[in-house]
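Examination of the molecular architecture
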Amino acid sequence: MKEIYMIAILYIAGIALSVHCALKKPQKRSAGIASAILFAVSSIFLIYCYFFKIDMSVISISFFLTGTLFLFGLSASVVITSKKCTQEVNATYLDCKRETVKGSSTYYPRFFYVYENKEYRQHSFVGYDRKTIDKLYKDYNSYTIFINPSKPYICVDKRAKPIGAVAVPFIAGLILLALPVYLALIIL
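Notes on the structure in this doc start here. Values in this document were obtained by computation on a predicted structure and should not be read as measured data.

1. Remarks on the environment of Ser82
Note that Ser82 resides in helix H3 (residues 56-84). Sequence-wise, Ser82 and Ile154 are 72 residues apart; in three dimensions their C-alpha atoms are separated by 8.9 Å. Look past the residues within four positions of Ser82 in its chain and what remains in contact with it is Val126, Val156 and Lys158.

2. Structural notes on a nonpolar patch on the surface
Together, Phe45, Ile47, Tyr48, Phe51, Phe52 and Val58 line one region of the surface with nonpolar side chains, adding up to about 610 Å² of accessible area. Following the sequence through the fold, Tyr48 ends up in helix H2 (residues 29-51). Exposure remark for Tyr48: the relative accessible area of 43% places this residue in the partly exposed category.

3. Details of the nonpolar core
Membership of the largest hydrophobic core comes to 21 residues, with the highest contact counts inside it found for Phe111, Tyr113, Tyr137, Ile145 and Ile147. Contributions of two or more residues to this core are made by strand E1 (87-101), strand E2 (104-115), helix H4 (130-136), strand E4 (142-148) and strand E5 (151-156). Ranked by residues supplied to this core, first place goes to E2 with four residues.

4. A look at the pattern of salt bridges
Enumeration over the complete set of coordinates arrives at three salt bridges. Here Lys97 and Glu99 are joined by a salt bridge, their closest N and O atoms 3.4 Å apart. Across the salt bridge formed by Asp134 and Arg130, the nearest N and O atoms sit 3.1 Å from each other. Separated by four residues within a single helix, Asp134 and Arg130 lie in helix H4, roughly one turn from each other.

5. Observations regarding the sheet that holds E1
The strand order across the open sheet formed by five strands is E3-E2-E1-E4-E5, and the pairing between neighbours is antiparallel. Either end of the sheet is taken by a strand with one partner, and the two such strands are strand E3 (118-123) and E5. Ignoring strand direction, the axes of neighbouring strands in this sheet form an average angle of 45°. Here E2 pairs with E3 via six bridges, running antiparallel. Among the inter-strand pairings, Tyr115 is bridged to a residue of E3, identified as Lys118.

What counts as what
Residues numbered from 1 in each chain as written. Predicted model: local features only at pLDDT ≥ 70, side-chain atom pairs only at ≥ 80, totals over all residues. Heavy atoms only, no water. Helix = DSSP H or I, 4+ residues; strand = E, 2+ residues; numbered from the N terminus. Contact = heavy atoms within 4.5 Å. Patch = residues over 30% accessible without salt bridge, like charges linked within 9 Å, V, L, I, M, F, W, Y side chains within 5 Å. Areas by Shrake-Rupley, 256 points an atom, 1.4 Å probe, with all protein chains shown as cover. Salt bridge = Lys/Arg side-chain N within 4 Å of Asp/Glu carboxyl O. Buried < 20%, exposed > 50% of the residue type's maximum accessible area, 1.4 Å probe, protein only. Core = buried A, V, L, I, M, F, W, Y, C linked by side-chain atoms within 4.5 Å. Pairing = 2+ DSSP bridges. Axes fitted to C-alpha atoms, helices over the stretch in contact; angles between N-to-C directions.

Right, dumping it as structure tokens:
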């Protein structure tokens, strides 16, 4: 049952990372909370499987489904948050922040804008690759961006697709397509 402990550690790490994201970045709070709940429910299911001696194939299926739901949820949160950004404002591009995870970099443009007589210097909610940043933005030029009127610190430039808008749902779809093959291999 060493596999159970490894999966449990992964779920706990997922919960911790989700809560960290929710607390660190107010723009990603709802996605972090939702993924923490997903990992917590999966952890409870894992504990249930362990104590009631459920077959390992059921546990691995739940692991697949949790990962797939996480990927779909991640891309859905970006789309939903972007759609809530409906207020058009003129903003000045200042610079970009680079976040690197496992050798892959995402760049978040930072803008200066004024909304309801209050100044904001915020990074965009969505990130892009370096090539897109260089193509879209020139330092201190003015651009039209969209903000969430109820949370004006959340901003997005809707001119380009975010870095994971296509790749993440595609990967999740591949996982869902691979699930029946995996099940067939376990059953046979």
